[in-house]
Structures are given as C-alpha cells and as structure tokens.
Amino acid sequence: MELGLQFTDLTCWEKTGHAAVSHEETMETSIAEYCPDMTRIVSACGQLYIREKTASEERTAVSGTVRVTVLYTSEESAGLRSLAVSVPFTCTAEDRQLASSQLIWATGRLLLVEAQAVTARRLYVRVLPEVTMTGFTRVPHRFCSGVEESSALRTRCRQRSFSLLDTAVERDVSMAQEVQASPVPEELLLYRLYPRLTSCRTVGSKLVVKGEVTLSALYRGQDQQLHTYEGELPLSQILDGAGLPEDGEYAARLCLTGGEVRVLRSDTGGGFSVTAELRLLLCAALSEVPFNLLRSGGPVDPAHQNVLWTFCIALAVLWCMEQARQMPGRTARYAVCAASVLAGWMLGMYLRTDYGGWGVVTVILLALCRGRDGGWLAMLAGLVCINGVCLAGQV
C-alpha cells in the first residue's frame, strides 16, 4: 500500500556566503593652505564609512571611505591642531556563492591607521580596513504537513519547533540632532560616532526602530583649553513595515555610511550639530509557522500553539511570583502567587499551547523545586499528580 504524503512549500532566507577581506590603502597629500606647517604628529585615528556594494559573477566589491583625523603640533601656532583626510578604499572577495546572493550585508572595522609627515606641508596616510560580507538568498523548502486520511492507516506525528528567516531587508535611515556642550566649544579637533540599536518592532503597518548614536569628541573651548565630550543621542525611526510579519522575532544591525559633526554657536551657549547616515539590516524569524504547517497544513493554526508559548507563559508567571515576594504580608504574597499560577493555567488552556495549562504548571513546579531540600520528592509527587491524574488519557 502506498502512503500519500501531503507537502507544503515555503520560501525563506538563508545565509549563502561569508567572507572577511582586508585591503591596505595609502595616500600622500598636501595639507590645506589655511593649516599651519606640521612639526610633530601626535596621533591619528579614523572612522570607516561603507558606501556601496557591487557583485559580478565571481566577485563582490565593497567600497567606502576612511575619514582620517590627524592631530599635530606646529611651531607657527600654539596648542594642538587637527586636519582631516578622506581615504577611499575597495575590498574585493572572490566567492561565487557570495556574489550570487540576492542580498549582501557588509560591516567593517579599521585594523590600522597611520600618518607620517613627509614634509611640513605633505602628509602620508596608511589605513587597513577589514570588511565582513554576508550573503542572503531566498531558498524554497518543502515540509511534510500530513498524510492522506485512510481508515486502514494509523499515523504518528512528532512535533518539532524551529525558526525560519522570513525577512531580510535593508533600509537607509538618518538622524540629525543638536547637543549642548560645556565649556562652550570653539574648535572641534576630533570626533567619533558609534551607532547602536536598542529595539525593533512592528506597530500595525509601521516598523519602529529605536537606538542611540554615541558621540565622542575632543575640542578646544573658548577658554583655549582642551575638553572632551561624550553623549548618547537618541535614534528613533518609523519605517514602512508593509509585508513584514507582525508576530516575528526581529533582529537588526546598523552600519555607518556617513556622518558629520560641526561646532554650533548661539547666544545662549554652544554645542555640536550631529548628522549620521546609517544602513539597517532587518531580519524577522518565525518559529510558529513551521509548527503549524506540520500540524495542520496551514501557516496559521488557531487551534494549537507550539511549546515556546508554554515556556513564555510560565516565565511570566514566575516573574509575577518573584515580584510578589517583595509584598508585605504572607497572605497577600500567597494570594498573588496562587492567582498568577491560575492565570497562567487558564491562558495556556485558552491559547491551546503544547500540553495546555498543565504544561505551564509543570514548568513552574520544576522551577520551584529546583535546588530545595527535598525538592526532588515534591517534584516527583507533583509530576505523578499532573501526568497521572490531570492529564490522564489526554496525551
């Protein structure tokens, strides 16, 4: 007898290539006429910006610039002086699989920044950027979602929960802000920008991205002394989230593609004007859809949810019980704990998670008995009660 299997096709994103490439770039240039002659170079640092990505049949090229800031002293003027030089670079990876990817994400870092004074008016700069490239491609997958019904067959299904990368997109975002600094700055000598994401979620048809950009600056104040500034500037963007899953688990990364900091002066004080251009990689993973496909043959199954929901509900109940420990009065603490467990049991039964409300109670029982004297005995008695009495004939 032939067994007729039912299949469901899904298309998701997968990593299809990875490469880390470094390439040394050098430049010899004359300093601007308004800059005083160089006597001694004190320090040199750089900020890397990734601009473009191009892919051919067998190679992937990532290009950008390194903004090198050189601090130096001069006999023509007192104090520390600075000048900035932009060094273009291109890193190329010979990888056919990476080049054929539908989306390529690139991040970079600086391994080396050097500056030498060739003469009092000419500067030699050497940088070594390293670029990491990751390719993503949409790949079809086929899942067995069931069998043809037959009274002569008895089927056994083993449920598995796993995640699929449903979405991988790039978005360009920017920010512009003004910050106050004290003492009031007169000349900006050096700055660095460090972007960081804190949250990324969908609200209706919109994608809300929040983070911060840390500004570190060295400047000369109006008192002619050197001062440092470090502050976190909030980053908040509302993007179009059409086509993105509302129940996905989102992960995002930021890459700096441009930025500028200028001295800001006003009648009431002074500070900095900051602009930053960033590229956002957004990934959304789904774990419920494969589970529903294997169970009911469709991407949405309101009649059952996977075991991750059971764990999430139990975690929420344990958190409520932990908060109840800080309440005054033993009766109030016990009442809140009992109400939390009851609410978790009811929510598990209502959502029809794996093992229902008793699965939530089982997780709570294991957590409460862990590490206690005689806890194994209480755990054994509880499991026998739950599995032998409450779940008898259900599993």
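Here's what I pulled together on the structure shown here. On a predicted model such as this, the values are computed, not experimentally measured, just so you know.

### Here we look at the pattern of salt bridges
- Scanning the entire structure with this criterion turns up 14 salt bridges.
- The partner of Glu130 in a salt bridge is Arg109, with the nearest N and O atoms 2.7 Å apart. A residue pair is termed long-range when its members are at least 10 positions apart, and Glu130 in strand β7 (residues 122-147) and Arg109 in strand β6 (residues 103-117) qualify at 21 residues.
- Take Glu130: its relative accessible area is 17%, and that puts it in the buried class.
- Here Arg196 makes a salt bridge to Glu212, at a shortest N to O gap of 2.5 Å. Here the residue Arg196 occupies a position in strand β9 (residues 185-203), and Glu212 occupies one in strand β10 (residues 206-221), the gap between them amounting to 16 residues.
- Using a relative accessible area of 46% as the deciding quantity, one classes Arg196 as partly exposed.
- For Glu212, a relative accessible area of 14% translates into the label buried.

### Some thoughts on the packing of helix α4 (residues 330-351) against helix α5 (residues 356-369)
- The geometry of α4 relative to α5 is characterised by a closest axis approach of 6 Å and an angle of 140° between their N-to-C directions. In terms of their interaxial angle, α4 and α5 are classed as oblique. With respect to the hand of their crossing, α4 and α5 are arranged in right-handed fashion. Residues Val341, Gly344, Trp345, Gly348 and Met349 of α4 pack against Gly356, Gly357, Trp358, Val360, Val361 and Ile364 of α5.
- Residue composition of the contact of α4 with α5, grouped by class: 7 nonpolar, 4 polar and no charged.

About the thresholds
- Residues numbered from 1 in each chain as written.
- Predicted model: local features only at pLDDT ≥ 70, side-chain atom pairs only at ≥ 80, totals over all residues.
- Heavy atoms only, no water.
- Salt bridge = Lys/Arg side-chain N within 4 Å of Asp/Glu carboxyl O.
- Helix = DSSP H or I, 4+ residues; strand = E, 2+ residues; numbered from the N terminus.
- Buried < 20%, exposed > 50% of the residue type's maximum accessible area, 1.4 Å probe, protein only.
- Axes fitted to C-alpha atoms, helices over the stretch in contact; angles between N-to-C directions.
- Parallel < 35°, antiparallel > 145°, perpendicular 65-115°, else oblique.
- Left-handed = near helix turned anticlockwise from the far one by under 90°.
- Contact = heavy atoms within 4.5 Å.
- Nonpolar A, V, L, I, M, F, W, Y, C, P; charged D, E, K, R; others polar.

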